[in-house]
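These are the residues of each chain, in order.
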Amino acid sequence: MKRKICAVISLILIIASLVVFAYPDISKTENQKKNDEITERFDHVADDVQDGSWEEAEDNGEVNKDGYLIDDNGVIISEYPVVYQADIDRLYADSIAYNERLKEHQDMDHTDFADEALDLSDYGIYDGVYGYITAPSIDLNTPIYLGASEDNMAWGAAHLMNTSLPTGGESTNVALAGHTGYFGRIVFDNIPYLNEGDNVSITTYFGTLNYRVISKKEILSTETNDIYVVKGKDLLTLLTCASMGKKRYQVTCERV
């Protein structure tokens with residue numbers, strides 16, 4: 001009897017150990033699946049932009065507070081949230097205006113990078129997703145959120161306040177940060193494996209911007225020199241933790 005009990009306990013411990021060791025990989029797979037679903041949903045929404053504005057649609061009872069189309073009884077009739085052309089045009093104009101202001105003044109010393117450059121809910125976008133970033137060579141496919149808060153960096157690519165928004169154009173430098181080493185999640189863990197010449201793309205409601213990696217290096221966590229706008233350049237800078245958080249790994253890309 002004792003041998004049977006010991007055998008059962010041993011079996012339970014073995015199974016528990018296997019679950020513990022397998023959990024991170026399972027969780028990472030589920031996390032990537034979630035990101036793939038978010039970016040797929042983004043594509044559906046971006047391909048089905050509605051005429052008019054969200055405010056008009058709300059006033060007419062055509063959309064609920066989460067951005068889904070509804071019928072006269074309030075029943076959801078769209079598979080995905082919807083956005084409206086007037087709001088997307090306004091978001092683009094405001095993004096361009098924001099970038100133009102950075103060309104005149106970009107003070108990193110007094111910036112809270114966790115702040116949002118724009119409030120997407122003002123444009124009828126309620127999932128917080130500005131777009132997404134892909135890099136085929138490292139299987140990167142993750143949504144972009146505005147503001148480098150802990151949550152945003154843990155779940156996706158976080159845009160740093162006071163750096164350019166991804167609209168493209170000369171004298172812009174989009175800085176995106178993501179965490180590395182989160183238990184059960186892959187965010188920017190594979191950024192160090194990007195090589196010079198690799199392709200990186202950003203897709204937003206305004207289209208897709210294609211970049212190519214031109215340099216990579218480790219920097220101190222306090223260094224901000226390379227996220228400033230460079231006159232005449234169209235850049236993308238990716239940042240993640242290195243050396244147990246004491247340093248940052250930085251990849252610089254230039255628009256193709």
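Our structure's up above, just so we're on the same page.
Residues numbered from 1 in each chain as written. Predicted model: local features only at pLDDT ≥ 70, side-chain atom pairs only at ≥ 80, totals over all residues. Heavy atoms only, no water.

Peer 1: Give a detailed account of the environment of Leu-91, specifying residues and quantitative values.
Peer 2: Tracing the chain through its elements places Leu-91 in helix 3 (residues 85-104). When the C-alpha atoms of Leu-91 and Asp-122 are compared, they prove to be 8.8 Å apart, with 31 residues separating the residues in sequence. (Helix = DSSP H or I, 4+ residues; strand = E, 2+ residues; numbered from the N terminus.)

Peer 1: Lay out the environment of Leu-220 with the relevant residues and their values.
Peer 2: Topologically, Leu-220 is positioned in strand 6 (residues 207-220). In sequence terms Leu-220 and Lys-246 are 26 residues apart; their C-alpha atoms lie 7.0 Å from each other. Sequence-distant contacts of Leu-220, that is, excluding residues within four places in its chain, are made with Lys-247 and Arg-248. (Contact = heavy atoms within 4.5 Å.)

Peer 1: Now, about the layout of surface pockets: what can you tell me, with residues and values included?
Peer 2: The volume enclosed by the largest pocket comes to roughly 420 Å³. Leu-160, Ala-177, Ser-221, Leu-239 and Arg-248 are the residues nearest the centre of the largest pocket, which is lined by 23 residues in total. Of the residues assigned to the lining of the largest pocket, the class counts are ten nonpolar, eight polar and five charged. (1 Å grid on protein atoms, 1.4 Å probe; cavity = no way out; pocket = protein on both sides within 12 Å on 5 of 7 lines; lining within 4 Å. Points joined across faces, edges and corners; volume = space filled by probe spheres on them. Nonpolar A, V, L, I, M, F, W, Y, C, P; charged D, E, K, R; others polar.)

Peer 1: Provide a residue-level description of the packing of aromatic side chains, including the pertinent values.
Peer 2: Considering all chains together, one arrives at five aromatic pairs under this definition. Between the aromatic rings of Trp-54 and Tyr-126, the centroid separation amounts to 5.4 Å while the plane-to-plane angle is 55 degrees, which identifies the pairing as tilted. Taken together, the residues Trp-54 in helix 2 (residues 54-59) and Tyr-126 in the loop between helix 3 and strand 1 (129-135) connect sequence positions 72 residues apart. By relative accessible area, which is 12% here, Trp-54 ends up buried. On the accessibility criterion, Tyr-126 (37% relative accessible area) is partly exposed. Cluster of aromatic residues (ring-pair linked, three or more members): Phe-42, Tyr-132 and Tyr-205. In this structure, Lys-34 is placed above the aromatic ring of Trp-155, and the distance from its NZ or CZ to the ring centre is 4.3 Å. (Phe/Tyr/Trp six-rings, centres within 6.5 Å; stacked < 30°, edge-to-face > 60°. Buried < 20%, exposed > 50% of the residue type's maximum accessible area, 1.4 Å probe, protein only. Lys NZ or Arg CZ within 6 Å of the ring centre and 35° of its normal.)

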